[in-house]
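Survey of secondary and tertiary structure
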Amino acid sequence: MKEILIATKNKHKIIEMKKMLEHLGYKVLTLFDYEELPEIIEDKDTFKGNAKKKAETLSNYLNKDVLADDSGLEVFALNNEPGVYSARYSGEDVTYADNNKLLLSNMENIDNRGARFVTTICLYRINQEPVYFEDYLYGEIAYKYQGDNGFGYDPIFIPSGDTRHLAEYSLDEKNVISHRGKCVQKLISYLKLGE
Ligand code: IMP
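So, here is what we can say about the structure in this document. (Residues numbered from 1 in each chain as written. Predicted model: local features only at pLDDT ≥ 70, side-chain atom pairs only at ≥ 80, totals over all residues. Heavy atoms only, no water.)

Moving on to the overall build of the protein. A count of helices and strands for the protein gives 5 helices and 7 strands. Traced from its N-terminal end to its C-terminal end, the protein shows the element sequence β-α-β-α-β-β-α-β-β-β-α-α. For 195 residues, the compact-globule estimate of 2.2 N^0.38 gives 16 Å, and the protein sits close to it at 17 Å. Referenced to the eigenvectors of the C-alpha coordinate spread, the extents of the protein come out at roughly 50 × 30 × 25 Å. Looking at the 195 residues of the protein, the share that counts as buried comes to 47%. (Helix = DSSP H or I, 4+ residues; strand = E, 2+ residues; numbered from the N terminus. Rg over C-alpha atoms; globule rule 2.2 N^0.38 Å. Buried < 20%, exposed > 50% of the residue type's maximum accessible area, 1.4 Å probe, protein only.)

What follows is the structure, given as structure tokens:
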């Protein structure tokens, strides 16, 4: 069976990505399968740079094919912030709720609520050039929280063409439209071509 390591410990991402890759016949490993790994600081200023750094470091260390993604939220009226700082928008060791609260307060007097989620995936295979995939989910920042599903900024994000917040979507529904779901679909089409 083909093996691939997803370079994440984010349980939500693992659930979202594992399901799609297992359908393709991959045994999916995650960072939880290893006890000691090098620490990787996500210090690049692009999603692509961070995804490559994670995948390359782990692939070289473990001698395995690795898939790393970096994702985040870009709010147009805030100069595309929080961007690569999405996880630590309000500081280090903060909760999703802290970040959402700060974002809503920074958007208080802003009418242009347009935003997009971005995912970049780097597929880093031994002795091959890295391959990148990117996709987006466009929408608007809401004025209030709604929904209990998903994670991160989902409770305050309304996908374009809908009135529901992303945290009101089921996982399967989210996977169809989300930046990560569509990005993984691109990856899967690519992997299928190489079979
Ligand atoms: P990461 O660095 O790729 O793990 O993601 C950075 C941050 O972006 C996460 O901690 C979330 O705050 C945000 N984010 C990424 N994807 C999503 C999503 O699908 N929904 C909500 N927030 C997300």
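Having seen it, we continue.
Relative to each other, helix H1 (residues 11-22) and helix H5 (residues 179-193) sit at 30°, their axes nearing to 10 Å. Here H1 is positioned roughly parallel relative to H5, judged by the angle of their axes. Both H1 and H5 take part in a crossing whose hand is right-handed. Contacts between H1 and H5 involve Lys13, Glu16, Met17, Met20 and Leu21 from the former and Arg180, Gly181, Val184, Gln185, Leu187, Ile188 and Leu191 from the latter. (Axes fitted to C-alpha atoms, helices over the stretch in contact; angles between N-to-C directions. Parallel < 35°, antiparallel > 145°, perpendicular 65-115°, else oblique. Left-handed = near helix turned anticlockwise from the far one by under 90°. Contact = heavy atoms within 4.5 Å.)

Glancing now at the site of the ligand. As a structural note, the neighbourhood of the ligand is formed by 16 residues, with Lys13, Ser71, Asp154, Lys174 and Arg180 the closest of them. In this structure, an oxygen atom belonging to the ligand sits 3.2 Å away from a side-chain N or O atom of Asp70. With the chains in place, 92% of the 480 Å² that the ligand exposes on its own is no longer accessible. Breaking the shell around the ligand down by element, the ones donating at least two residues are strand S3 (66-75) and H5. No other element matches S3, which puts 3 residues into the shell around the ligand. (Near = heavy atom within 4 Å. Polar contact = N/O pair within 3.5 Å; in protein donor to acceptor, adjacent residues only side chain to side chain. Areas by Shrake-Rupley, 256 points an atom, 1.4 Å probe, with all protein chains shown as cover.)

Let us now look at the environment of Leu187. As for its position among the elements, Leu187 is in helix H5. On a C-alpha basis, the gap between Leu187 and Tyr85 in space is 24 Å, while along the polypeptide they are 102 residues apart. In this view, Leu187 contacts Leu21, Leu67, Leu123 and Phe133; residues no more than four positions away in its chain are not counted.

What follows deals with helix H3 (residues 96-106). Of the positions making up H3, those classed as buried are Asn99, Asn100, Leu103 and Leu104. In an axial view of H3, the angular spread of the buried residues amounts to 130°, which keeps them on one side of the axis. As for H3, its buried residues are in contact with S3 and strand S6 (131-141). (Arc of directions from axis to C-beta.)

Spatial relationships are all this shows, so hold off on functional conclusions.
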